[in-house]
Amino acid sequence: MSETSQSETRKTGTGETTVSQGEGSQPESGQPMFDFSDAQFVFALRRSMRNIAVLGLIVAGLLTVFYGWRTGLMLVIGAGISFTGVWEWRRLIAAINSRMDANLAPQPLARTILTFLLRLAMVGAVLYGSLRYLEGSVYALIAGLSLAMFTLTVEAFRMPKR
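Below is a short write-up of the structure.

### Let's talk about the side chain of serine 130
Counting through the fold element by element, serine 130 comes out in helix α3 (residues 109–133). For serine 130, the residues in contact, after removing those within four places along its chain, are Met74, Ile77, Glu135 and Leu141.

### Examining the environment of isoleucine 77
By the secondary structure assignment, isoleucine 77 is in helix α2 (residues 69–100). Isoleucine 77 sits 50 residues away from leucine 127 along the chain, and the two C-alpha atoms are 8.1 Å apart. Once residues lying within four places of it in the same chain are set aside, the contact partners of isoleucine 77 are Val126, Ser130, Leu134 and Leu141.

### A word on the nonpolar core
Core analysis: the largest hydrophobic core is formed by ten residues, namely Ala60, Leu63, Met74, Leu75, Ile77, Ile81, Val123, Leu134, Ala140 and Leu141. Looking at this core element by element, the count peaks at four residues for α2. Not counting residues within four places of it along the chain, the set of residues in contact with leucine 141 comprises Met74, Leu75, Ile77, Gly78, Leu127, Ser130 and Leu131.

### What to know about α3
In a regular helix each residue adds 1.5 Å, so 25 residues correspond to 36 Å; α3 covers 36 Å between its end C-alpha atoms and thus fits that length. Where α3 is concerned, the buried positions are Thr112, Phe116, Arg119, Val123 and Ser130. Where α3 is buried, its residues meet α2 and α4 (138–158). Immediately beyond the C-terminal end of α3, within one or two residues, lies glutamate 135, with a positive phi of roughly 60 degrees.

Scoring rules and cut-offs
- Residues numbered from 1 in each chain as written.
- Predicted model: local features only at pLDDT ≥ 70, side-chain atom pairs only at ≥ 80, totals over all residues.
- Heavy atoms only, no water.
- Helix = DSSP H or I, 4+ residues; strand = E, 2+ residues; numbered from the N terminus.
- Contact = heavy atoms within 4.5 Å.
- Core = buried A, V, L, I, M, F, W, Y, C linked by side-chain atoms within 4.5 Å.
- Buried < 20%, exposed > 50% of the residue type's maximum accessible area, 1.4 Å probe, protein only.
- Expected span 1.5 Å × (residues − 1).

Now the structure itself:
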């Protein structure tokens, strides 16, 4: 296998294939689900974070009207934890990718991991405090926490269509 600065030649069963690699792109994996660039991945995570915030505020408003402010606040807390979770995973993945990509300057991985662990401790404290003192619906908190999984699943189904 020989490499050039802009393209890579691969030997396949039917001959050689030249794959052009632009900045931020990844080589073909043979599976369409994994055929997306880093920029598309970051865009999907940002859209997911936006959707978490929008859905969280809309549903929290509805819960506040129908079930009271404590239940609405529990959903906002869960949605906030979901939002920060996706944000932190985006930072962690960017730091790891910068270490693996020879063209990018590596980001400080120790600081990223430290903030990741501090966020986990903060999430534990917020969850404990909200469950102990708010007396809102636990189901609203679980719904807020599930928003990240829901929006990321929606984005995963949308990615191959782009």
